[in-house]
Amino acid sequence: MTKTKTLLNPWLGSVAIKPGMGAFHGESGDNKPHRHWAHQIVIGFDASVEVMSSETRCEGRGLWIPAGVTHQLKLSRVLCIYIDPNLDVCNALLPYIKNPSKRSIRALDEDFITECLSRFTGTENLLIALKAFERQYRGSKPSGPKSRLSDVLEALNAEASGGRSVSRAELAKMVCLSPSHFSHWFTECTGLPLRSYRKWLKLLTGFELSREMSLTDAAIASGFSDQAHFCRSVTEAFGVSPTVIQRLLSK
């Protein structure tokens, strides 16, 4: 049985997760430097937020943290929104990011911050607010090369949700590429290696399953070798133990 270390500063609030997106609303607690394969919006309720990255310290009322950037959030009352980089929502949000860059933390537009706070702090159901946020910023259906990616992402999401395992060769065949060329193409399209993206989807599946079963069972069912492997992956991605997120999801 894995022992859970008591946090000096626990996370207090609620979490909502839907395919491709997540949200946290409350008081952030202890967290280690971490990086995850989702873009993150972090907004302070009533004061600036402070984020430490491997390169610098960033402070502002609202910040955009690109996927893959190592960071650590200082204790504060915050709204955090997590967005899969492959969602077209990301492109719709670019006008609200000051001097957007793929690899650096940036400030958010003040009007956008106000709108987000109004939407998420005035609701009793965080999931409903998250769905409304997606509807507001969701763009039109992609076409051309992006539509080929949509088919691949659909297959990967089905796999992560307990469907049949899909090999790299099968994915490559879907877009008429060789397996080796497919790996380069996928990284160019998404900014993420296939292996990293698959692991990210497995983590999200594990969280969903942990609502209804133990962490050990959820870890195995979502494709991890054991609970220890799942716990390490969660800490690397979110800077906290899976029990913290499981507790917040249960509220």
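Keep in mind that what you see is a predicted model, and the values were worked out from it rather than measured. Throughout, a residue's number is its position along its own chain's written sequence, starting from 1. In keeping with the model being predicted, local features are shown solely for residues with a pLDDT of at least 70 and side-chain atom pairs are shown and tallied solely at 80 or more, while totals for entire chains, interfaces and linings include all residues. Side-chain calculation: all heavy atoms of the structure are included, whereas hydrogens and water are not.

### Observations regarding the overall build of the protein chain
Part 1 of the argument: A run of DSSP states H or I qualifies as a helix once it reaches four residues; a run of E qualifies as a strand once it reaches two. Both are numbered from the N-terminal end. Within the protein chain, the secondary structure is distributed over ten helices and nine strands.
Part 2 of the argument: The globule rule puts the C-alpha radius of gyration for 251 residues at 18 Å, and the 18 Å found for the protein chain is close to it.
Part 3 of the argument: In terms of its C-alpha atoms, the protein chain occupies a principal-axis envelope of roughly 50 × 50 × 35 Å.
Part 4 of the argument: Burial classification: accessible surface area is computed with a 1.4 Å probe over protein chains only, and a residue below 20% of its type maximum counts as buried, one above 50% as exposed, and the rest as partly exposed. Out of the 251 residues in the protein chain, the part that is buried amounts to 47%.
Part 5 of the argument: Here, two residues are considered to be in contact whenever any of their heavy atoms come within 4.5 Å of each other. Taking as baseline every contact in the protein chain between residues at least 6 positions apart, the subset at least 24 positions apart corresponds to 62%.
Part 6 of the argument: As displayed, the protein chain has an accessible area near 12900 Å², and 52% of this comes from carbon and sulfur atoms. C-alpha atoms define the radius of gyration in this analysis, and the globule rule sets the expected value at 2.2 Å times the number of residues to the power 0.38. All accessible-area figures derive from a Shrake-Rupley calculation using a 1.4 Å probe, and residue coverage is judged against the displayed protein chains alone.

### Describing the confidence of the model for the protein chain
Part 1 of the argument: Per-residue confidence from the prediction method is given by pLDDT, with values spanning 0 to 100. Residues at a pLDDT of 70 or more form 93% of the protein chain, whose mean pLDDT is 89.
Part 2 of the argument: For the protein chain, the element scoring lowest by mean pLDDT is helix α4 (residues 145-160), at 83; strand β3 (residues 39-44) scores highest, at 97.

### Remarks on the packing of helix α2 (residues 110-121) against helix α3 (residues 126-137)
Part 1 of the argument: Contact geometry for α2 and α3: axes closest at 9 Å, N-to-C directions at 145 degrees. On α3, the residues touching F112, E115, C116, R119 and F120 of α2 are L126, A129, L130, A132, F133, Q136 and Y137.
Part 2 of the argument: Gly counts as polar in this scheme, as do all residues outside two lists: the nonpolar Ala, Val, Leu, Ile, Met, Phe, Trp, Tyr, Cys and Pro, and the charged Asp, Glu, Lys and Arg. Of the residues assigned to the contact of α2 with α3, the class counts are nine nonpolar, one polar and two charged. All axes here are fitted lines through C-alpha atoms, helices being fitted over the stretch that makes contact, and every angle between N-to-C directions spans 0 to 180 degrees.

### Description of the side chain of S210
Part 1 of the argument: Tracing the backbone through its elements, the reader meets S210 in the loop between α7 (194-209) and α8 (215-221).
Part 2 of the argument: Those residues in contact with S210 that sit more than four places away from it in its chain are L215, A218, Q246 and L249.

### Let's talk about the packing of aromatic side chains
Part 1 of the argument: Pairs were defined over the aromatic rings of Phe, Tyr and Trp, the Trp ring being its six-membered one, requiring ring centres within 6.5 Å. Orientation was assigned from the angle between planes: stacked under 30 degrees, edge-to-face over 60, tilted for the rest. All chains considered together, the criterion is met by 15 aromatic pairs.
Part 2 of the argument: Between F112 and Y137, the ring centres sit 5.7 Å apart and the planes meet at 70 degrees, which makes this aromatic pair edge-to-face. Here F112, found in helix α2, pairs with Y137, found in helix α3; they are 25 residues apart in sequence, far enough to count as distant.
Part 3 of the argument: The exposure class of F112 is buried, given its relative accessible area of 3%.
Part 4 of the argument: A centroid spacing of 6.0 Å and a plane angle of 35 degrees characterise the contact between F182 and F186, whose relative ring orientation is tilted.

### Focus: empty space enclosed by the protein
Part 1 of the argument: For each structure, a 1 Å grid was placed over the protein atoms alone; sets of points admitting a 1.4 Å probe that cannot get out are labelled cavities, open sets with protein on both sides within 12 Å along at least five of seven lines are labelled pockets, and lining residues have an atom within 4 Å of a point. Grid points are joined across faces, edges and corners, and a volume is the space filled by probe spheres set on the points. Applying the stated rule across the entire model yields one cavity of 30 Å³ or more.
Part 2 of the argument: Of the volumes computed, that of the largest cavity is approximately 330 Å³.
Part 3 of the argument: Listing elements by their share of the lining of the largest cavity, those giving two or more residues are β1 (12-18), β2 (21-27), β7 (71-73), α7 and α10 (242-249).
Part 4 of the argument: Of the residues that constitute the lining of the largest cavity, the class distribution is 18 nonpolar, five polar and two charged.

### What about the sheet that holds strand β6 (residues 62-65)?
Note: strands within a sheet are paired through backbone hydrogen bonds, in either parallel or antiparallel orientation.
Part 1 of the argument: Read across the sheet, six strands follow the order β1-β2-β8-β3-β6-β9 without closing on themselves; strand pairing throughout is antiparallel. Two strands in the sheet have a free side with no partner beyond their single neighbour: β1 and β9 (106-107).
Part 2 of the argument: The rule for pairing is simple: two strands pair if DSSP sees at least two bridges between them. As paired elements, β3 and strand β8 (residues 77-83) share six bridges and run antiparallel to each other. Within β8, the residue paired with G44 across the bridge is V78.

### Some points on the sheet that holds strand β5 (residues 57-60)
Part 1 of the argument: The strand order across the open sheet built from three strands is β5-β4-β7, with neighbouring strands paired in antiparallel fashion. What marks the edges here is a single partner per strand, and that holds for β5 and β7. Put simply, the sheet's adjacent strands are angled 20 degrees from each other on average, direction ignored.
Part 2 of the argument: In terms of strand pairing, strand β4 (residues 49-53) meets β7 through three bridges, oriented antiparallel. Looking at β7, one finds that S53 is bridged to H71.

### Points about the nonpolar core
Part 1 of the argument: Only buried Ala, Val, Leu, Ile, Met, Phe, Trp, Tyr and Cys residues count toward a nonpolar core, and they belong to the same one when joined by side-chain atoms within 4.5 Å. Ranked by size, the top nonpolar core spans 51 residues in total, and within it V42, F182, F186, F207 and F238 carry the most contacts.
Part 2 of the argument: In terms of residues, this core owes the most to one element, α7, which gives seven residues.
Part 3 of the argument: Apart from the residues within four sequence positions on either side, F238 is in contact with N31, H34, H36, Y82, W200, F207 and I245.
Part 4 of the argument: Listed in part, the 25 residues of the second largest apolar core include I43, C90, L93 and F112.

### Thoughts on the pattern of salt bridges
Part 1 of the argument: One speaks of a salt bridge when a side-chain nitrogen belonging to Lys or Arg is within 4 Å of a carboxyl oxygen belonging to Asp or Glu. One pass over the full model with this rule turns up eight salt bridges.
Part 2 of the argument: For K18, the salt bridge identified is with E134, shortest N-O distance 2.8 Å. Of this pair, K18 sits in strand β1 while E134 is found in helix α3, placing the two residues 116 residues apart along the sequence. E134 matches K18 in its accessibility class, with the two residues each being buried.
Part 3 of the argument: Through salt bridges with shared partners, a single ionic network connects E50, R57 and E59.

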